[in-house]
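Examination of the molecular architecture
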Amino acid sequence: MPEDPTDPGNLKTSAEEIRNLMRQASSAGARLVQFPEGAITYPGKHVMSSGPSGTLAEADWTRIDWNVMRAQAQSIAALAGELGLWVVFGSVHPLTPPHRPHNSVYVVSDEGALVGRYDKRYLSHTELSYLYTPGTDPLVFEVDGIRFGTALCIEANFPELFHQYEQLDVDCMLISVMVDDAARAALAPAYATLYNYWVGYSVPAQFATTAPATITAPGGRQLAHCHTENRPGLAIADIAPDTQDPDIYIALRHARPWRRTAQAGLYDNHTVADDLRSKVRTRF
């Protein structure tokens, strides 16, 4: 993914790579394809700095050709309509100057329409200090009756966000990242186990050896991962809420409802408040 968005050629190259993968996903029968954080561009903090070379300072967003950025996003949307494919891809979304942009993911329908945008809510220290405006709201959208939620990179470290999406009845979480971090990748199956929904984890090809793109089923079993190393590729799996797969069925039909019941006062009538032997904790 290009870290220098000041070169229009970089933006066009990354957008063309996205379009190539969209065609591959469509040929494989996919209904939705997810791309990483900053798929069109992930601006480097030093590249965008308004200070001397190599220093950190407020980002100078006037150096980006926003018209080229918009044109590439529109080209991706147009192809989505041609292919009949839903597309989720990361980019930078401008606000009215002097406000900083959002670090976002766009959601484009199979008709080529922009139907949603998620703005990263939990920013890193550097992002908040020099680069972006944080978002405020979750995003849930529906494809063929399946509800998807979205999160970006460092947000994987905030379980309350994933709990919120469980409460919003999502069937699948899409985590798009731009980091070489095996520990963060390990959180995808953890959330699939804790909240019993599917989790798509999208990461750039250059990080595939350490932490490849994956799709994990409710209950934590990995269904697919990207087999390519250091070159663009896809992980493809079916998301079927009506599946009879025993592990997924138990996770969806039993574990997830039980977790909600357990958190809703299930144990209140079973605890003991007035037993002396329960209160004394320093004697066997």
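The next subject is the sheet that holds strand E9 (residues 214-216). Read from one edge to the other, the open sheet built from six strands follows the order E5-E6-E7-E8-E9-E10, with strand pairing classed as mixed. Two strands bound the open sheet, and with one partner strand each, they are strand E5 (140-143) and strand E10 (222-225). Along the sheet, successive strands turn relative to each other by an average axial angle of 20 degrees, direction set aside. Pairing analysis gives three bridges linking strand E8 (residues 198-202) to E9, with the strands arranged antiparallel. Following the sheet pairing, Gly200 is matched in E9 by Ile215.

With respect to the element layout, Arg19 can be found in helix H1 (residues 8-27). When its relative accessible area of 12% is taken as the criterion, Arg19 is described as buried. Within the structure, Arg19 has its side chain in polar contact with the side chain of Ser75 (distance 2.5 Å). If near-sequence neighbours (up to four positions away) are discounted, Arg19 is found in contact with Lys12, Gln72, Ser75, Ile76 and Leu79.

All right, on to unusual backbone geometry then. Excluding glycine, most residues fall at negative phi; most peptide bonds, likewise, are trans. In this model, Pro97 is joined to Pro98 through a cis peptide bond whose omega is 10 degrees. Within the fold, Pro98 resides in the loop between strand E2 (86-93) and strand E3 (102-108). Even without glycine at this site, Asp144 takes up a positive phi of about 55 degrees. Residue placement: Asp144 occurs in the loop between E5 and strand E6 (146-152). Judged by its relative accessible area of 56%, Asp144 falls in the exposed class. The residue Asp169 is not glycine, and still its phi comes out positive at about 65 degrees. Within the secondary structure layout, Asp169 lies in the loop between helix H4 (159-167) and strand E7 (172-176). Among the residues examined, Asp169 registers a relative accessible area of 39% and is labelled partly exposed.

Reading guide: rules and limits
Residues numbered from 1 in each chain as written. Predicted model: local features only at pLDDT ≥ 70, side-chain atom pairs only at ≥ 80, totals over all residues. Heavy atoms only, no water. Pairing = 2+ DSSP bridges. Helix = DSSP H or I, 4+ residues; strand = E, 2+ residues; numbered from the N terminus. Axes fitted to C-alpha atoms, helices over the stretch in contact; angles between N-to-C directions. Buried < 20%, exposed > 50% of the residue type's maximum accessible area, 1.4 Å probe, protein only. Polar contact = N/O pair within 3.5 Å; in protein donor to acceptor, adjacent residues only side chain to side chain. Contact = heavy atoms within 4.5 Å.

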